[in-house]
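# What the coordinates show
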Amino acid sequence: MSYFDLKQLFRSKFWTMFLFGLLVATISFFVTIFTLPYYQSSSDFLVVQTAGNSQDFYTQFKSSEYLGKVLGEAVYSESFINAVIGTGKISGESLPFDKKTRLDEWKKMVKVKKNLELGVIQISVSGNDQKEVTKVMEGISDVLINQNTLFRGGNPDSVQIRTLSGPILEKTPSILT
């Protein structure tokens, strides 16, 4: 097939290809709009070690970095989900009963971003029900602040988790967050 034949084929099928592309773009747009969560709640938490330790600054920094990693990953664990349910903020029936499906749904709903250099953990909860999103975030905050020793061990008074901001509830959050 020569260049001339391709050019002629393109000219004859231009409007068909244009309309097909427009159809695909429209369908993609509406699928994206209707499958995105409608609400998102986010909070920032600071991991703080109390000054009672007689460690140098570098050791405290590395320890805080390690604790941030541990707590950030613990949010995705089954014991963390059970602790959130144990706070009474959400019912166990709001998540599937099968363990694997429950963990998968939790990972879709809860996202954790860690800024380990600063000791900050940002947690966001997405969903289509405003009350549920708010209650899940309240449960996560309660567990991180009051029951963090379940996931890190050690002296209960050696580390504090403080809320920097939040929970901030957004209606129709952007795709980039």
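These notes cover the structure that comes with them. Sequence positions are assigned chain by chain, starting from 1 and proceeding in written order. Given that the model is predicted, a residue must reach a pLDDT of at least 70 before its local features are reported, and side-chain atom pairs must reach 80 or more before they are shown or counted; all residues, however, enter totals for whole chains, interfaces and linings. Hydrogens and water molecules were not included; the side-chain quantities draw on all heavy atoms of the structure.

What follows covers the packing of helix 3 (residues 78-86) against helix 4 (residues 99-109). All axes here are fitted lines through C-alpha atoms, helices being fitted over the stretch that makes contact, and every angle between N-to-C directions spans 0 to 180 degrees. Only DSSP runs of H or I covering at least 4 residues are called helices, and only runs of E covering at least 2 are called strands; the numbering of each starts at the N terminus. Two elements in contact, helix 3 and helix 4, have axes whose closest approach is 10 Å; the angle formed by their N-to-C orientations is 80°. In terms of axis orientation, helix 3 runs roughly perpendicular to helix 4. The segment helix 3 lies against helix 4, with Glu78, Phe80, Ile81, Asn82, Val84 and Ile85 engaging Lys99, Arg102, Leu103 and Trp106. Polar here means any residue outside two lists: the nonpolar Ala, Val, Leu, Ile, Met, Phe, Trp, Tyr, Cys and Pro, and the charged Asp, Glu, Lys and Arg; Gly therefore counts as polar. Its residues assigned to classes, the contact of helix 3 with helix 4 comprises 6 nonpolar, 1 polar and 3 charged. Here is the rule for angles: anything less than 35 degrees is roughly parallel, anything more than 145 is roughly antiparallel, 65 through 115 is roughly perpendicular, and the remaining ranges are oblique. Whether two residues are in contact is decided by their heavy atoms: any pair within 4.5 Å suffices.

Our next topic: the pattern of salt bridges. A side chain with one charge can pair with a side chain of the opposite charge if their charged atoms come near. Just to be clear on terms, a salt bridge is a Lys or Arg side-chain nitrogen sitting within 4 Å of an Asp or Glu carboxyl oxygen. As enumerated under the stated definition, the model contains 5 salt bridges in all. The salt bridge partner of Lys100 is Asp104, with a shortest N-O separation of 3.5 Å. On the criterion of helical spacing, the pair formed by Lys100 and Asp104 is a turn pair, its members being 4 residues apart in helix 4. Burial classes: relative accessible area under 20% of the type maximum marks a residue as buried, over 50% as exposed, and values in between as partly exposed (1.4 Å probe, protein chains only). With a relative accessible area of 57%, Lys100 lands in the exposed category. Here Lys108 ties to Glu105 by a salt bridge, and the two come within 3.8 Å at their closest N and O atoms. One end of the pair is Lys108 and the other is Glu105, both in helix 4 and 3 residues apart, which spans about a single turn.

Structurally, Ser141 is set in helix 5 (residues 130-146). Those residues in contact with Ser141, other than ones at most four positions away along the chain, are Ser43 and Phe45.

With that settled, consider the pairing of strand 1 (residues 39-49). Judged by how many residues are buried, strand 1 sits mostly within the fold: 9 of 11 residues are covered. Two strands pair under a simple rule: DSSP has to find at least two bridges between them. Across 8 bridges, the pairing between strand 1 and strand 3 (residues 120-127) is antiparallel. Looking at strand 3, one finds that Tyr39 is bridged to Gly127. Looking at chain direction, strand 1 and strand 4 (residues 159-171) are connected through 10 bridges and run antiparallel.

Only buried residues count toward a nonpolar core. Its members are Ala, Val, Leu, Ile, Met, Phe, Trp, Tyr and Cys residues joined through side-chain atoms within 4.5 Å. Of all hydrophobic cores here, the largest spans 31 residues; its most connected members are Phe80, Trp106, Val110, Ile123, Val125 and Ile140. Among the secondary structure elements, those contributing two or more residues to this core are strand 1, helix 2 (57-74), helix 3, helix 4, strand 2 (110-115), strand 3, helix 5 and strand 4. Per-element accounting of this core gives the leading share, 6 residues, to helix 5. Look past the residues within four positions of Val110 in its chain and what remains in contact with it is Val75, Tyr76, Ile123, Ser124, Val125 and Ile140.

This part takes up the sheet that holds strand 3. Spatially, 4 strands are ordered 2-3-1-4 in an open sheet, and the strand pairing comes out antiparallel. Here the strands that pair on one side only, and so sit at the sheet edges, are strand 2 and strand 4. Adjacent strand axes in the sheet meet at a mean angle of 15°, parallel and antiparallel pairs treated alike. Here helix 2 sits on the sheet in contact with strand 1, strand 2, strand 3 and strand 4, set at roughly 150° to strand 1. Contacts from helix 5 reach strand 1, strand 2, strand 3 and strand 4, with the element oriented near 5° to strand 1.

This part covers the pairing of strand 2. Here strand 2 pairs with strand 3 via 6 bridges, running antiparallel. Across the sheet, residue Asn115 finds its bridge partner in strand 3, namely Val120. Counting the residues in the hairpin turn of strand 2 and strand 3 gives 4 residues, including Gly119, whose phi is positive at 75°.

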